[in-house]
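Single-letter residue listing:
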Amino acid sequence: MKVLGALKLLYVQVLVATVLGVVVGLLFPETGVALKPLGDAFIRVVRMIIAPVVFCTVAIGIAHMSDLKKVGRVGGKTLLYFEIVSTLALIIGLVVGNVVRPGAGFNIDVATLDPNIAAQYTKGASSLSLADHLLQIIPDTLFSPFVNGDLLQVLFIAILTGFACSRLGSFGTQVAHALENATKVLFSIIRIIVWAASVGSFGAMAFTIGRYGVASLGPLAILIATFYLTAFLFVVFVLGGIARLAGFSIFKFMKYIREELLIVLGTSSSEPVLPQLIIKMQKLGASRSVVGLVIPTGYSFNLDGTNIYMTLAILFLAQATNIDLTLWQQLEILAIAMLTSKGASGVTGAGFITLAATLTIVPTIPIASLAVLVGIDRFMSQCRALTNAIGNGVATIVVARWENELDREQLARELASGPPEMGALGATPELRPVPQSA
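Nothing here was measured: the structure is a model prediction, and the numbers come from that model.

Thresholds, definitions, all that
Residues numbered from 1 in each chain as written. Predicted model: local features only at pLDDT ≥ 70, side-chain atom pairs only at ≥ 80, totals over all residues. Heavy atoms only, no water. Helix = DSSP H or I, 4+ residues; strand = E, 2+ residues; numbered from the N terminus. Polar contact = N/O pair within 3.5 Å; in protein donor to acceptor, adjacent residues only side chain to side chain. Contact = heavy atoms within 4.5 Å. Expected span 1.5 Å × (residues − 1). Buried < 20%, exposed > 50% of the residue type's maximum accessible area, 1.4 Å probe, protein only. Bend = angle between axes of the 7 residues up to and from the residue. Patch = residues over 30% accessible without salt bridge, like charges linked within 9 Å, V, L, I, M, F, W, Y side chains within 5 Å. Areas by Shrake-Rupley, 256 points an atom, 1.4 Å probe, with all protein chains shown as cover. Salt bridge = Lys/Arg side-chain N within 4 Å of Asp/Glu carboxyl O. Axes fitted to C-alpha atoms, helices over the stretch in contact; angles between N-to-C directions. Parallel < 35°, antiparallel > 145°, perpendicular 65-115°, else oblique. Nonpolar A, V, L, I, M, F, W, Y, C, P; charged D, E, K, R; others polar. Phe/Tyr/Trp six-rings, centres within 6.5 Å; stacked < 30°, edge-to-face > 60°. Lys NZ or Arg CZ within 6 Å of the ring centre and 35° of its normal. pLDDT = per-residue confidence, 0-100.

Enquirer: What am I meant to see in the side chain of Thr87 here?
Expert: For Thr87, the location among the structural elements is in helix α5 (residues 68-100). Only 2.6 Å separates the side chain of Thr87 from the backbone oxygen of Glu83, close enough to count as a polar contact. The residues touching Thr87, leaving out its near neighbours within four places in the chain, are Phe82 and Met338.

If you want it as C-alpha cells, here you go:
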C-alpha cells in the first residue's frame, strides 16, 4: 500500500519513468530513439505556456508596485547579483580547467574532424557586438516574441506593459486584475500539463541513452566527471554559502524543489519547470513582484551551469588540440563569455550553441573541434540545466530578502515541512500582499 501511495507523488513517477527510460535505451536502443517524440512533445507543450506566464507574472508584479523607483531598484539588485555569481561561475570553470586539464593527452588533429558536424551548431552563432545583443531584445512586432518564444523579448514587452498599467490609474488596475484572472487560467493549464512530466522524462531519457549510449561517455569520461563534480561543488559551496547567508539550507531547498529537478534531469532542460519555480518561490515567501522579475530574467542572465561548462569546455578543446592559451587569452575568453552567455535560454542544447557562438569570436581554437563534444552534449546538458534551475531559485530568495520582501517565517516553515504534494505544484498560489519596504 505504501508503494502505491508513493507512486501517486509526481517526483516518484518522474524518477521511475527516468529509470525505465534508461533501461529501455540500454536494452532496446532503436525503440529508445523512436520514443524521442514523447520528450519533445512535453517540452513543446510546456514552452507553449511559458511566454504568456512570464508576460502576465512580470506585468502584474510591476503594475502592483506603487513606487516605480522600486522596479529599478529590484531590477538593479537582480542584475548585480546575476553578474557577480555568473562571472564567478565562469572563473571557476577556467580555474578547474587549468588545474585538472581534462583535455591533456588527447592530441586531436583538427584536420581529421568533420567540419560539417560543428557547422550545424554555428549557423546562428555569428559574432555580434554589444549593440547587436541589445537590439535583439527589441522584438520586430508586439506579438512576435509570443510566437518565437524569446524570453528576453517577452520580458521587455511585459516590463513596458507593467509600467503602462501603473501609469493608467484605476484603468491600469483593472487591466492588472484581468491579467491576474488570465494567470489563474494559465496555472490551471500547467496543472494539467505537469501530469505528463513522467511521460516526457521517459521518452527523453530513452532517446538519450538509445541514441548516444553509455559507451559514448567513455572517451570523454574525465571531462564529464570534472564538469559534474565542479557543478556539484559550485552548488554546495558557492550557492550553499549564499543560501546560508540568506538564512536557509541549500539541501532543504533542493529537497523542496526535487520534483522540478527530476523533471529537469529527465528532459535535459530547465525550461519546462519555469512556471513551477515561479509558484514554489512564492510559496516559500518571496513576493510576487520579486519572483516575477527574478525568475524570467534569470533564465537568460543567470545560467551558472552553462557558464561553468563554457569556460571548462573551451579549455578542454584547447588542451585536446594542443593549443596553449596564455593568461591574457584566457582573460579575453572570460570577457567574451561574459557577453555571449547572456541571452541563452534554458532549452536543451542552448549551452552548446552558446559555446559555439563564443568560439566564433575566439579564432585561436578551431571551431571544427566542437565535433568532439557533440556526442556527449546531451549528458552535459542535464548537469547544466540542473545547476541553472537551482541557481535561479536561490537568486530569487536572496533578492527577495535583500529587498525585504521575503517572509522568513514562511520560508522556514515551508522548508521544514518539505515540498507540497503535486496538486500544489500546478495550483495558483495564495498571494500575500506585497510588503512596502523603505
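Enquirer: In this structure, what is going on with helix α20 (residues 377-402)? I would like to understand it.
Expert: In an α-helix, one turn spans 3.6 residues; hence positions three or four apart end up facing the same way. For α20, built from 26 residues, the straight-helix expectation of 38 Å at 1.5 Å per residue is met to within 8% by its first-to-last C-alpha distance of 36 Å. With 23 of 26 residues buried, α20 lies mostly within the body of the structure. After α20 finishes, the residue Asn404 shows a positive phi value of roughly 60°.

Enquirer: Sorry if this is basic, but what is going on with helix α12 (residues 221-246) here?
Expert: For α12, with 26 residues, the first-to-last C-alpha span of 36 Å sits near the 38 Å given by 1.5 Å per residue. At Gly240, α12 shows its maximal bend, which comes to roughly 35°. Once α12 ends, the next one or two residues include Gly247, with phi positive near 95°.

Enquirer: Honestly, a nonpolar patch on the surface in this entry has me stumped. Any pointers?
Expert: A grouping of Leu15, Val19, Val23, Leu26, Leu27, Phe28 and Val214 is seen on the molecular surface, where their side chains present a nonpolar patch of about 640 Å² in accessible area. Its location among the elements puts Val19 in helix α2 (residues 10-27). Classification of Val19 as partly exposed rests on a relative accessible area of 47%.

Enquirer: Looking at this structure, how should I read the pattern of salt bridges?
Expert: Applying the stated criterion to the full structure yields 6 salt bridges. In this structure, Glu403 engages Lys77 in a salt bridge whose closest nitrogen and oxygen atoms are separated by 2.9 Å. Of this pair, Glu403 sits in the loop between α20 and α21 (408-417) while Lys77 is found in helix α5, placing the two residues 326 residues apart along the sequence. One exposure class covers both Glu403 and Lys77, and it is buried. Residue Glu180 is joined to Arg288 by a salt bridge in which the shortest nitrogen-to-oxygen separation is 3.1 Å. In this pair, Glu180 sits in helix α10 (residues 169-193) while Arg288 sits in helix α16 (residues 288-301), placing the two residues 108 residues apart along the sequence. Taken individually, Glu180 and Arg288 each receive the classification buried, so the pair is uniform in this respect. Look at the salt bridges and you will find they share partners, linking Arg73, Lys77 and Glu403 into a network.

Enquirer: For this particular structure, what's the right way to read the side chain of Gln319?
Expert: You can see Gln319 is positioned in helix α17 (residues 304-320). With residues near it in sequence (within four places) discarded, Gln319 still touches Gly97, Arg101, Pro102, Gly103 and Ala104.

Enquirer: Would you take a moment to explain the packing of helix α4 (residues 36-63) against helix α15 (residues 274-283) for this structure?
Expert: A pair of packed helices is captured by two measures, namely the crossing angle of their axes and the spacing between those axes. Where α4 contacts α15, the axes come no closer than 9 Å and their chain directions differ by 30°. Considered as vectors, α4 and α15 are oriented roughly parallel to each other. Taking contact as the criterion, the partners of Ile49, Ile50, Val53, Val54 and Thr57 in α4 are, on α15, Leu274, Pro275 and Ile278. Looking at the contact of α4 with α15, its residues break down into 7 nonpolar, 1 polar and no charged.

Enquirer: Please clarify how the packing of aromatic side chains should be interpreted in this entry.
Expert: A ring pair, where both rings are aromatic, is described by two values, the distance of the centres and the angle of the planes. Scanning the model with the defined rule gives 5 aromatic pairs in all. Geometrically, the ring pair formed by Phe55 and Phe146 is edge-to-face, given 5.5 Å between the ring centres and 80° between the ring planes. One end of the pair, Phe55, is in helix α4; the other, Phe146, is in helix α8 (residues 144-148), with 91 residues separating them in the sequence. Aromatic pair Phe248 and Phe253: ring centres 5.8 Å apart, planes at 55°, arrangement tilted. Each member of the pair, Phe248 as well as Phe253, carries the same accessibility label: buried. Of the aromatic side chains, those joined through ring pairs into one cluster are Phe227, Tyr228 and Tyr309. Sitting over the face of the ring of Phe207, Lys36 holds its NZ or CZ atom 5.3 Å from the ring centroid.

Enquirer: How should I be thinking about the confidence of the model for the chain in this particular structure?
Expert: The predicted model of the chain has a mean per-residue pLDDT of 80, with 84% of residues at 70 or higher. Looking at the elements of the chain, mean pLDDT is at its lowest for helix α1 (residues 2-6), recorded as 54, and at its highest for helix α13 (residues 250-256), recorded as 94. When the criterion is pLDDT under 50, residues 423-438 qualifies, and its contacts beyond four places in sequence or with other chains add up to 41 contacts.

Enquirer: I tried to follow unusual backbone geometry on my own but got confused; where do I start?
Expert: What is expected of a backbone is that most residues other than glycine have negative phi and most peptide bonds are trans. One non-glycine residue with positive phi stands out, namely Asn322, at about 60°. Within the secondary structure layout, Asn322 lies in the loop between α17 and α18 (327-340). At Asn404, a residue that is not glycine, the phi angle is positive and equals roughly 60°. Note on placement: Asn404 falls in the loop between α20 and α21.

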